[in-house]
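Each chain, letter by letter, is given below.
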Amino acid sequence: MALGYIEIDEERCKGCGLCMNACPKKVIRFSKSFNSKGYHPAEFYDPEGNCIACGFCYMMCPDTAITVYRYEKVAANK
Amino acid sequence: MAEKVLVKGNEALGEAAIRAGCRYYFGYPITPQSELTEYMSRRLPEVGGVFLQAESEVSVVNMLYGASCMGVRVMTSTSSPGFSLMQEGISYMAGAELPAVFINVVRGGPGLGDIQPAQGDYLQATKGGGHGDYRLIVLGPSTIQEAIELVMLAFDLADEYRTPVEVLADGMIGQMMEPVEFPEMRSLDTLPEKPWALTGAKGRKPNKITSFDLDPYKLEEMNLRYEATRKRIIANEQRWEEENIEGADILVAAYGTVGRIMKTVMEMARERGIKVGLFRPITLWPFPYKRLEELSKGVDTVFTVEMSGGQMLEDVKLAVKDNAKTPFYGRMGGVVPTPEEILDQIESLVKGSENR
Amino acid sequence: MNAKVVMKRPDSLSKIDFTYCPGCHHGIVHRLIAEVIDELGIREKTVIVAPVGCSVFAYTFFEIDGTVASHGRAPAVATGMKRARPDRIIFTYQGDGDLAAIGTTEIVHAANRGENITVIFINNAVYGMTGGQMAPTTLIGQRTTTTIHGRDPKAAGYPIRICEMLSQLEGPTYIERVAVDTPQHVMKAKKAIKKAFENQINGLGFSLIEVLSTCPTNWGLPPVEAIKWLQENMMKFYPLGVYKDKTREEAKEGIV
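As the structure is a computational prediction, the values presented were derived from the model and not from experiment.

What counts and how
In every chain, residue numbers begin from 1 and rise along the written sequence. Written order determines the labels here, with chains lettered from A and ligands numbered from 1. It should be noted that, the model being predicted, local features are given only for residues of pLDDT at least 70 and side-chain atom pairs only at 80 or more, the latter also being counted only at that level, while totals for whole chains, interfaces and linings use all residues. No hydrogens and no water enter the side-chain calculation; it runs on all heavy atoms of the structure. Should a side-chain nitrogen of Lys or Arg be within 4 Å of a carboxyl oxygen of Asp or Glu, the pair is scored as a salt bridge. For the purposes of this entry, the term helix denotes a DSSP run of H or I that reaches at least four residues, the term strand denotes a run of E that reaches at least two, and both are numbered from the N terminus. Three exposure classes are used, based on accessible area relative to the maximum for each residue type with a 1.4 Å probe and protein chains only: buried under 20%, partly exposed in between, and exposed over 50%. Contacts were defined at the residue level, with two residues in contact if any of their heavy atoms lie within 4.5 Å. Each polar contact in these results corresponds to two N or O atoms within 3.5 Å; when the atoms are within protein, one needs to be able to donate a hydrogen and the other to accept it, and residues that are neighboring in sequence are counted only if both atoms are side-chain atoms. An automatic or database domain assignment is the source of the domain bounds shown. Here's the idea: put two parts together, see how much 1.4 Å probe accessible area each one loses, and the total over both is what we call buried area. Amino acid classes used here: Ala, Val, Leu, Ile, Met, Phe, Trp, Tyr, Cys and Pro are nonpolar; Asp, Glu, Lys and Arg are charged; the rest, including Gly, are polar.

Re the pattern of salt bridges
Part 1 of the reasoning: Under the definition given, this model contains 51 salt bridges over all chains.
Part 2 of the reasoning: With a closest N to O distance of 3.6 Å, A:K37 and C:D17 form a salt bridge. Note that A:K37 is positioned in the loop between β2 (28-30) and β3 (42-44) and C:D17 in the loop between β1 (3-7) and α1 (26-40), a pairing that runs across two chains.
Part 3 of the reasoning: Residue classification places A:K37 among the partly exposed positions, given a relative accessible area of 37%.
Part 4 of the reasoning: Among the salt bridges present, the one from B:R42 reaches B:E11, with a minimum N-O distance of 3.5 Å. Here B:R42 is found in helix α2 (residues 34-46), whereas its partner B:E11 is found in helix α1 (residues 9-19), with 31 residues between them in sequence.
Part 5 of the reasoning: Accessibility expressed as a relative area gives 46% for B:R42, which makes it partly exposed.

Written out as structure tokens, the structure reads:
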């Protein structure tokens, strides 16, 4: 179960791939579509819920195009 | 009236800046103005100011750029070769509309030249020594008392028009001593507000100061703004002295130290029955073209005398056009012309035109 | 299940898109600076002095007061600023052409005066904005548009190690070389940048952080391979680490 997820600002992204390279869980890939600058932006793709919200993608992004979210732990027995 | 004190020109220039509310000086030693730098190193700490001797004049002008960005009155003093090193920085300050005062105690040139008084930097000063469309306000004192007044004026003009201002003195004015009076110390809280300064974006949008824009149409807009300022300066700030004009046989155009020597020449000429009029520009930029043009209609000859190969001569010709003859006499290399040699020139010019 | 934001664009970055090439490390360093400014709460009294180079636009990328210095002169501009308003936080952001070539005099003397400013120095071994010419930090044998057969020291001298050079001076307080090639190094780089700003806030004097950075476009490498090249070449010639830290020396002697 994913610990979190990321949002990618497709217009700010320049398709450099550094986020994918850094992501330990390989849950980011290039989108098939183009942004207005003609780049294939990065795309969050996490069907199996592997994202651990470590933020490595955020740290490596040269354009601060990524926002990282972490699910809040709901106490098991509440 | 404040009492008179006997003081060296260089030191008077420094004290004048302090009286004008300047508390920041960045400089570099260079003859014949080093006493000014030394004076500021002693005096500024006495008034809570900051003195810094930089590693080069290139650094000096950029320190002025920085201090001016923070909204303070700031200055430097240098001499010809040092001032040449500051040209890029001055062009940046003109483009960033940053006020500051540059005192240039001109010496013999070009190149290393010598350390004698000279006026060979007129064109650099008045036509813009750096790149791009800009001009500096340039003030030319002829006595130490006038230099004091012009340094104080320089700070006011710099702030009012947001531009660097140059006081074009020379080795004579810097090195000689004269009794002078200093005006009262201006209190710092009367200095003009500078909302554009980079004091930190607290309670406002960030301020950006730069001479830069890659978009030519935006850069042209910036240039049109500078041009409008120049037009205002030309309209409001022309200053000159004229003396003995009525019925003069010949009108002499001279500024700074040569303007002062002319006072003696005029007296000596009177004894020889020659009436010499003097037109002494004080603002070298904006040059008083209109007034000189008017005066040139009433004389046969407008005779330009400079300690150079003939530089203000070009502005005199622009003003006089073909209303009168525009002969020239100058000494270069830091040689200061004597009243006698100037008078001989005048005599031959006046006699020449009489027995035609 | 609701989620909360854990990492987002720092407030001290303006809305303007970065003009840098895809994968250029300038953008990472900008973000680190903005995070530090946010965390130290100094946005409203910080001023950036941008250089001439790819980062000439940096003065618009931060939501702070800013100016652009002429090429190489940022340390002098910053000196003038700091002497005029010592209570403001002034930092320069400079490339290797700006700082280590034309601006060598200014950086050496600002450091030697122990000027209480913060310098962020980006070393990507080429002149980026002008199209990839040799810089003072270009490695031996490295091809650039002005060393097309590789830099030959007989003709073009040797690459300059700025941290090692400046740390010989008495003046500087803190000098560290970092990189932003991996998340771990990004975190370390941020710590160094934060310390450099804290030194200034605490009036401890001159701090310089050199950041090894990629220049994919002018190195002719895709962003990920550019990082590999940096790791295998630049990091060998420019070892990461702290080259001077007066705050620790003085701490030992109980001064700080």
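Back to the write-up after that little detour.
Some points on the environment of B:D156
Residue and element names in this part refer to chain B.
Part 1 of the reasoning: Mapped onto the elements, D156 comes out in helix α7 (residues 144-161).
Part 2 of the reasoning: For D156, a relative accessible area of 32% translates into the label partly exposed.
Part 3 of the reasoning: As a C-alpha pair, D156 and V101 span 55 residues in sequence and 9.8 Å in three-dimensional space.
Part 4 of the reasoning: Residue contacts for D156: discarding those within four places in its chain leaves R73 and R186.
Part 5 of the reasoning: For D156, the side chain forms a polar contact with the side chain of R186, separated by 3.0 Å.

Quick word on the domain arrangement of chain B
All names here are of chain B.
Part 1 of the reasoning: For chain B, the assigned domains are domain 1 (5-236) and domain 2 (241-354).
Part 2 of the reasoning: Inter-centroid distance (C-alpha atoms) of domain 1 to domain 2 is 29 Å.
Part 3 of the reasoning: Summed over both sides, the interface of domain 1 with domain 2 buries roughly 2,400 Å², with 54% coming from carbon and sulfur.
Part 4 of the reasoning: Joining domain 1 to domain 2, the criterion identifies three salt bridges.
Part 5 of the reasoning: Residue D315 pairs with K127 through a salt bridge whose shortest N-O separation is 2.6 Å.
Part 6 of the reasoning: One can count 14 residue pairs in polar contact (both at pLDDT 80 or more) joining domain 1 with domain 2.
Part 7 of the reasoning: Residue assignment for the side of domain 1 that touches domain 2 shows that the elements contributing at least two residues are α6 (122-127), β6 (137-139), α7, β7 (164-170), α8 (171-175) and α9 (216-236).
Part 8 of the reasoning: Across the side of domain 1 that touches domain 2, the residue classes tally to 17 nonpolar, eight polar and eight charged.

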